[in-house]
Amino acid sequence: MEKLNRYGQFVGKRTIEELRMLAGYLQGKVIQHINSTAVGGGVAEILSKIVPLLQELGVNCQWDVIKGSPEFFDVTKAIHNALHGKEAELTDKMLEVFNEISRMNIREMNLYGDIMFIHDPQPIALIKRKSGMKKSKWIWRCHVDVSGPDKNAWGFLEPFINKYDAAVFSSPHFAHQMKPRQVLISPSIDPFSDKNREVTREEIDTVLNKYNIDPRQKPIVCQISRYDALKDPVGVIKAYKMVKKYVDCQLLLVGNRAADDPETDKIYKEVLEAAGKDPDIHALLVEDIPYEINVFQRVSDVIVQKSLREGFALTVSEALWKAKPVVASAVGGIPLQIKHKYGGLLCHSIEGAAFAIKQLLNAPEYAKKLGENGREHIRQNFLLTRHLREYMLLFLSLYTEDGIVTL
Ligand code: UDP
């Protein structure tokens, strides 16, 4: 229990005691999470923290990943973009690719949870196994911004969604008319993970040397995100170029690959083209080394998240936890994390982002205050312990009928 106790310093002892009590009620239940990648992106990030901690609490919690093919992930990325509102043509051929790989996973996967916790659209069709697992409860966890989805994409997923017992969304704006009970649970960050813990001077120097970055030369404006059109890295470059006319600074773009995201190379190429020969733009395509991300965030002067659509944006919580001033688009789950002009600055355009970045670079005291307020907001609302509590309450609620626990 030692690891769990450490969280008490941020959230108080009583929160930890409550987690133990809730975990006690879940004895004998198996929770099986399923998603589409073990590394890369926010879902894998969260699961890699939530699962071990639930296990430490004595809850039998497991995590499995579906199999896919490049064609399957092309289709699921198209569905992902369409759910985010991008107009998309999902042809019969594409849907057949989705159905075929889904059938394979339905046939071959070892499903054994009392509570089946399915993340995002890629594994959604596994719900077809529900009828053969009589007492199982099924949760669909949607991490995507579905405030204005493409109708065809939503229509395709709806018959699956309606078979679940509960659907979880990150923001109230994502609610829909649907059969399952809808639950609002925001994601969270782990303050003790390599991505968020304190780092040593030596670690900072190692990373800076490795990537040849010198924060003493010019202030660093940074965005950390998969190279994905919806994260708008080219928009960040445009904003940086506007800022650069007034404040000399450098831009750091950092992105990794996610196994289920086929668009990385295309978008990275666009980024390099937009960056041109500017020696102050560092556009890095990196391996998955969490402490390096931690260092990049800590050496930055302003952190940007200029997404066009966003499920939640863990990167915003991560940056605020380090008390960094953040400029982020007012989309998806971001306004839950940033109260404008109090715990960061929200923006609505490239020009707006440029204006906000310039303002923060010119007013370090104001920037510092926003960062401090932002950290406190994350401490109160977006740490792992709050997330664990809400998930366990959700699990327990699945066994409640008319207020009576049937566990
Ligand atoms: N991330 C990373 N390396 C990178 C880029 C991103 O480890 O090069 C991490 C980032 O720190 C965050 C997660 O990937 O923990 C991205 O989650 P987010 O919710 O921001 O976006 P998603 O990729 O899920 O859309």
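In the block above lies the structure referred to throughout.
Everything in this summary refers to the structure shown in the same document.

Reading the values: rules and limits
Residues numbered from 1 in each chain as written. Predicted model: local features only at pLDDT ≥ 70, side-chain atom pairs only at ≥ 80, totals over all residues. Heavy atoms only, no water. Near = heavy atom within 4 Å. Polar contact = N/O pair within 3.5 Å; in protein donor to acceptor, adjacent residues only side chain to side chain. Areas by Shrake-Rupley, 256 points an atom, 1.4 Å probe, with all protein chains shown as cover. Helix = DSSP H or I, 4+ residues; strand = E, 2+ residues; numbered from the N terminus. Phe/Tyr/Trp six-rings, centres within 6.5 Å; stacked < 30°, edge-to-face > 60°. Buried < 20%, exposed > 50% of the residue type's maximum accessible area, 1.4 Å probe, protein only. Lys NZ or Arg CZ within 6 Å of the ring centre and 35° of its normal. Core = buried A, V, L, I, M, F, W, Y, C linked by side-chain atoms within 4.5 Å. Contact = heavy atoms within 4.5 Å.

Section: the site of the ligand
Part 1 of the reasoning: Residues in contact with the ligand amount to 19 residues; listed here are only the nearest, Gly42, Arg226, Lys231, Asn256 and Glu318.
Part 2 of the reasoning: Here an oxygen atom of the ligand and a side-chain polar atom of Lys195 are 2.9 Å apart.
Part 3 of the reasoning: Here Lys231 contributes a side-chain N or O atom positioned 2.7 Å from an oxygen atom of the ligand.
Part 4 of the reasoning: When isolated, the ligand has an accessible area of 540 Å², and the protein chains bury 91% of it.
Part 5 of the reasoning: Among the elements of the structure, α4 (41–56), β8 (250–255) and α12 (314–321) are those that each provide at least two residues to the shell around the ligand.

What about the packing of aromatic side chains?
Part 1 of the reasoning: Taken as a whole and judged by the stated rule, the model has 16 aromatic pairs.
Part 2 of the reasoning: Centroid distance Phe10 to Trp321: 5.1 Å. Interplanar angle 85°. Geometry classified as edge-to-face. Of this pair, Phe10 sits in helix α2 (residues 8–11) while Trp321 sits in helix α12; the two residues are 311 residues apart in sequence, bridging distant segments of the chain. The pair formed by Phe10 and Trp321 is uniform in burial state, with each residue classed as buried.
Part 3 of the reasoning: When the ring of Trp140 is compared with that of Phe169, the centres are 6.4 Å apart and the planes differ by 85°; the resulting orientation is edge-to-face. In this pair, Trp140 sits in strand β4 (residues 137–141) while Phe169 sits in strand β5 (residues 166–169), placing the two residues 29 residues apart along the sequence.
Part 4 of the reasoning: Taking the relative accessible area as the measure of exposure, Trp140 reaches 0% and is therefore buried.
Part 5 of the reasoning: Feature note: the residues Phe72, Phe73, Phe98, Phe156 and Phe160 constitute an aromatic cluster, connected by ring pairs.
Part 6 of the reasoning: Above the ring of Phe192, the side-chain terminus of Arg6 is found at 4.1 Å from the ring centroid.
Part 7 of the reasoning: Above the plane of the ring of Tyr399 lies Lys137, whose end atom (NZ or CZ) is 5.4 Å from the centre.

Remarks on the nonpolar core
Part 1 of the reasoning: Formed by 54 residues in total, the largest nonpolar core has its most connected members in Leu54, Leu57, Met392 and Phe395.
Part 2 of the reasoning: Elements that contribute at least two residues to this core include exactly α3 (13–25), α4, β3 (115–119), β5, α12, β11 (326–329) and α16 (384–397).
Part 3 of the reasoning: Setting aside residues up to four positions removed in sequence, Phe395 forms contacts with Leu26, Ile31, Leu54, Ile115, Phe117 and Ile139.
Part 4 of the reasoning: Ile66, Trp138, Ala153 and Phe156 belong to the second largest nonpolar core, which has 39 residues in total.

Here we look at the side chain of Ser36
Part 1 of the reasoning: One can find Ser36 in the loop between β1 (30–35) and α4.
Part 2 of the reasoning: Its relative accessible area of 6% is what places Ser36 among the buried residues.
Part 3 of the reasoning: Separated by 3.3 Å, the side chains of Ser36 and Gln122 make a polar contact.
Part 4 of the reasoning: A distance of 2.9 Å separates polar atoms of two side chains, one belonging to Ser36 and the other to Asp260.
Part 5 of the reasoning: Not counting residues up to four positions away in its chain, the partners in contact with Ser36 are Val65, Ile66, Phe73, Gln122 and Asp260.

Keep in mind these numbers describe shape, not what the thing actually does.
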